[in-house]
Amino acid sequence: MASTPPAAQHPLALFGVEELLTDDEREIRDTVRAFVADRVRPQLAEWYEAGHVPARELAVELGKLGVLGMHLTGYGCAGTNAVSYGLACAELEAADSGLRSLVSVQGSLAMYAIHAFGSEAQKQRWLPELAAGRAIGCFGLTEPDFGSNPGGMRTRARRDGDDWVLSGSKMWITNGTVADVAVVWARTDDGVRGFLVPAGTPGFTATEITRKLSLRVSVTAELAFDDVRLPAEAMLPDARGLRAPLSCLDEARFGIVFGATGAARDCLETTIAWAVDRQAFDRPVAGFQLTQQKLVDMTLELGKATLLALHLGRRKDAGSLRSEQISLGKLNNVREALTIARECRTILAAAGITLDFSPLRHANNLESVLTYEGTSEVHTLVLGQALTGVPAFR
Ligand SMILES: Cc1cc2nc3c(=O)[nH]c(=O)nc-3n(C[C@H](O)[C@H](O)[C@H](O)COP(=O)(O)OP(=O)(O)OC[C@H]3O[C@@H](n4cnc5c(N)ncnc54)[C@H](O)[C@@H]3O)c2cc1C
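Residues numbered from 1 in each chain as written. Predicted model: local features only at pLDDT ≥ 70, side-chain atom pairs only at ≥ 80, totals over all residues. Heavy atoms only, no water.

1. A few points about the layout of surface pockets
The gaps of empty space that remain are located by a probe, the size of a water molecule, rolled over the atoms.
Then comes step 1: By volume, the largest pocket amounts to about 1,300 Å³.
Then comes step 2: Gly147, Leu249, Arg253, Glu373 and Gly374 are, among the 45 residues lining the largest pocket, the residues nearest its centre.
Then comes step 3: Split into classes, the residues belonging to the lining of the largest pocket amount to 19 nonpolar, 19 polar and seven charged.
Then comes step 4: By volume, the second largest pocket is sized at about 410 Å³. (1 Å grid on protein atoms, 1.4 Å probe; cavity = no way out; pocket = protein on both sides within 12 Å on 5 of 7 lines; lining within 4 Å. Points joined across faces, edges and corners; volume = space filled by probe spheres on them. Nonpolar A, V, L, I, M, F, W, Y, C, P; charged D, E, K, R; others polar.)

2. So, the packing of aromatic side chains
Then comes step 1: Summed over all chains, the structure comprises four aromatic pairs.
Then comes step 2: Its end group placed over the ring of phenylalanine 254, lysine 316 keeps NZ or CZ at 5.5 Å from the ring centre. (Phe/Tyr/Trp six-rings, centres within 6.5 Å; stacked < 30°, edge-to-face > 60°. Lys NZ or Arg CZ within 6 Å of the ring centre and 35° of its normal.)

3. Re helix α4 (residues 82–95)
Then comes step 1: The end-to-end C-alpha separation of α4 is 20 Å, in line with the 20 Å expected for 14 residues at 1.5 Å each.
Then comes step 2: Burial analysis of α4 places 14 of its 14 residues in the buried class, the great majority of the element. (Helix = DSSP H or I, 4+ residues; strand = E, 2+ residues; numbered from the N terminus. Expected span 1.5 Å × (residues − 1). Buried < 20%, exposed > 50% of the residue type's maximum accessible area, 1.4 Å probe, protein only.)

4. Side note on empty space enclosed by the protein
Then comes step 1: Within this structure, the stated rule accounts for one cavity of 30 Å³ or more.
Then comes step 2: Here the largest cavity defines a volume of roughly 30 Å³.
Then comes step 3: Surrounding the largest cavity, Val53, Ala55, Gly98, Leu102, Asn175, Val217, Ser218 and Val219 form its lining.
Then comes step 4: Classifying every residue of the lining of the largest cavity gives five nonpolar, three polar and no charged.

5. Things to note about the pairing of strand β5 (residues 191–198)
Then comes step 1: By the criterion of burial, β5 is predominantly enclosed, with six of the eight residues buried.
Then comes step 2: Here eight bridges tie strand β4 (residues 181–188) to β5, and the two strands are oriented antiparallel to one another. From the neighbouring strand, valine 181 faces β5, where its bridge partner is proline 198.
Then comes step 3: Where β4 folds back on β5, the antiparallel hairpin that results is connected by two residues. (Pairing = 2+ DSSP bridges.)

6. Quick word on the nonpolar core
Then comes step 1: Judged by nonpolar contacts, the single largest core of 117 residues is most densely connected at Leu62, Leu166, Trp185 and Val197.
Then comes step 2: Ranked by residue count, the leading element in this core is helix α7 (residues 243–277), at 15 residues.
Then comes step 3: Look past the residues within four positions of valine 197 in its chain and what remains in contact with it is Leu166, Asp180, Val181, Ala182, Val184, Phe204, Phe225, Val228 and Leu230. (Core = buried A, V, L, I, M, F, W, Y, C linked by side-chain atoms within 4.5 Å. Contact = heavy atoms within 4.5 Å.)

See below:
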């Protein structure tokens, strides 16, 4: 009698990842996974093709789900641990990096900046609305001529009596045209400072960047400030110097470390299911040794990336996560996720080039993820400096 082949295992089950999570963490992950399956996945291909996302409606639903600023405390925020936030990011990015970007920019950039550096009045005014998704936030650091080196920024805020007058522009700003409030970083006589600029303030315009081949389920914009007059209270009182926006970026990068594993996992799940079913030369594509080599190599990288994310998450919850360790996770996990997405596409062959399957969409998205929040080159230099003590940025 022929023996029954062993049941196929999920790639992450091989690593025993499930056992590393608490009941609460699993519950949060499963809740976000169910939301994504029900509300997002059925419409993703349509949104991606149209290059349009109903950001306002989604933000309200994400607010109800409790994921906006979920790792922050008070002001209507859920106050979960960092690992739970990471797991939520992975589930969102398993659907699409654009969805995770919306949540990252809202929670880790805009809300975190206000939470960490804002006055009590600023926190009361914005955080409950942003946590509920009734308001959307964006974060303007990058400029047309200064991306990797934000220290060169030209956007300027000068004092005029008690007021501030802001002039300059910001580029590639996620959520820019749908935001109710922009956190804007500008040079002042007192170094780099942060300002809260509500949408509709005279002189402030946001223009959507179109014709994108990547992150099409995400709003990207250019912001222009033409002598925008702001009251003294618009400044974030506790943000002094470039360290403040850079600390916000660390928060968002942390979400990416997990998020990228979600995209990679989705690619692999999609591809294994397809390869088991698809026949070539009268046998399943999954039965070819060359295919299995690819699947195993990708599983190894996905498992290692997931374990690294969890390790960094536990360190964050313990208060011992260092900035260069976030670089480690961002560099490795996005790079490997992109490699996995492309390799999955090769298995899917022709079927892989349409929106019927996720890997090429994920690969296109991950090109942006590789670039934003510090390019892979910049994180390599951060780690090179950590290893050698010698900075190689200039
Ligand atoms: C979809 C999307 C959304 C974004 N959202 C936001 C947002 O919400 N807010 C925001 O502020 N920004 C946002 N960004 C901007 C993003 O952070 C920048 O694109 C990124 O920092 C890189 O800047 P740059 O594109 O100007 O590239 P550049 O800085 O011009 O770099 C060009 C190339 O040179 C390399 N390079 C630069 N300096 C060095 C060096 N010292 N050594 C070696 N190589 C180097 C880079 O790695 C890159 O390969 C977003 C970008 C994208 C694509």
